[in-house]
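What follows is each chain in one-letter form.
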Amino acid sequence: MPERLLSNQSKGAIADFEAYIVQLDKEIKLSQGDELKQLKADKAQRQSWVKELRAGKNPFTDAVLEKLRSRQ
């Protein structure tokens, strides 16, 4: 999760997520199989977070945070 989001800077967090989405697009073009599926899922998740942040919502519920922690 971007540091800017943790410090309540949603505009900066949106910019961070959008930059990450651009990077994911590049990786998606070079991937296949399970890796491709995971990258597409990651992209969709970040796009969802951006949408919620733009709507003034915090997409990081306790359930989302727990899921992110379990992936590490």
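Since the model is a prediction, treat every value here as computed from it, not as a measurement.

*Asks:* Mind showing me how you'd approach the packing of helix α2 (residues 10-29) against helix α3 (residues 33-54) here?
*Replies:* Helix-helix packing is characterised by the crossing angle of the two axes and by the distance between the axes. Taken N-terminus to C-terminus, the directions of α2 and α3 make an angle of 160°; their axes are 9 Å apart at the nearest point. By the criterion of interaxial angle, the relationship of α2 to α3 is roughly antiparallel. Note on packing geometry: the crossing formed by α2 with α3 is left-handed. Residues Ser10, Ala13, Ile14, Phe17, Glu18, Tyr20, Ile21, Leu24, Asp25, Glu27 and Ile28 of α2 form the contact with α3, whose participating residues are Leu36, Leu39, Lys40, Asp42, Lys43, Arg46, Gln47, Trp49, Val50, Leu53 and Arg54. Considering only residue class, the contact of α2 with α3 consists of twelve nonpolar, two polar and eight charged.

*Asks:* Even after reading the chapter, I still don't get the nonpolar core, so can you show me in this structure?
*Replies:* Across soluble globular proteins, nonpolar side chains show a tendency to be buried alongside one another. If you look at the biggest cluster of nonpolar residues, it comprises ten residues: Ala13, Ile14, Phe17, Ile21, Trp49, Val50, Leu53, Phe60, Leu65 and Leu68. Top contributing element to this core by residue count: α2, with four residues.

*Asks:* Just checking my understanding: could you explain the environment of Gly56 for this structure?
*Replies:* Of note, Gly56 is situated in the loop between α3 and α4 (62-71). Overall, Gly56 belongs to the exposed group, its relative accessible area being 68%. Here the alpha-carbon distance between Gly56 and Ser10, two residues 46 residues apart in the chain, equals 8.4 Å.

*Asks:* Please clarify how the pattern of salt bridges should be interpreted in this entry.
*Replies:* When the charged atoms of two side chains with opposite charge come close together, those side chains can pair. Enumeration according to the criterion identifies four salt bridges in this entry. For Arg54, the salt bridge identified is with Glu18, shortest N-O distance 2.2 Å. Of this pair, Arg54 sits in helix α3 while Glu18 sits in helix α2, placing them 36 residues apart in sequence. By relative accessible area, Glu18 is classed as partly exposed at 33%. Where Arg69 meets Glu66, a salt bridge forms, and the shortest distance between an N and an O atom there is 3.9 Å. A residue pair is termed a helical-turn pair when its members lie 3 or 4 positions apart in one helix, as Arg69 and Glu66 do in helix α4 at three residues. According to the relative accessible area criterion, Glu66 is partly exposed, its value standing at 47%.

Analysis parameters
Residues numbered from 1 in each chain as written. Predicted model: local features only at pLDDT ≥ 70, side-chain atom pairs only at ≥ 80, totals over all residues. Heavy atoms only, no water. Axes fitted to C-alpha atoms, helices over the stretch in contact; angles between N-to-C directions. Helix = DSSP H or I, 4+ residues; strand = E, 2+ residues; numbered from the N terminus. Parallel < 35°, antiparallel > 145°, perpendicular 65-115°, else oblique. Left-handed = near helix turned anticlockwise from the far one by under 90°. Contact = heavy atoms within 4.5 Å. Nonpolar A, V, L, I, M, F, W, Y, C, P; charged D, E, K, R; others polar. Core = buried A, V, L, I, M, F, W, Y, C linked by side-chain atoms within 4.5 Å. Buried < 20%, exposed > 50% of the residue type's maximum accessible area, 1.4 Å probe, protein only. Salt bridge = Lys/Arg side-chain N within 4 Å of Asp/Glu carboxyl O.

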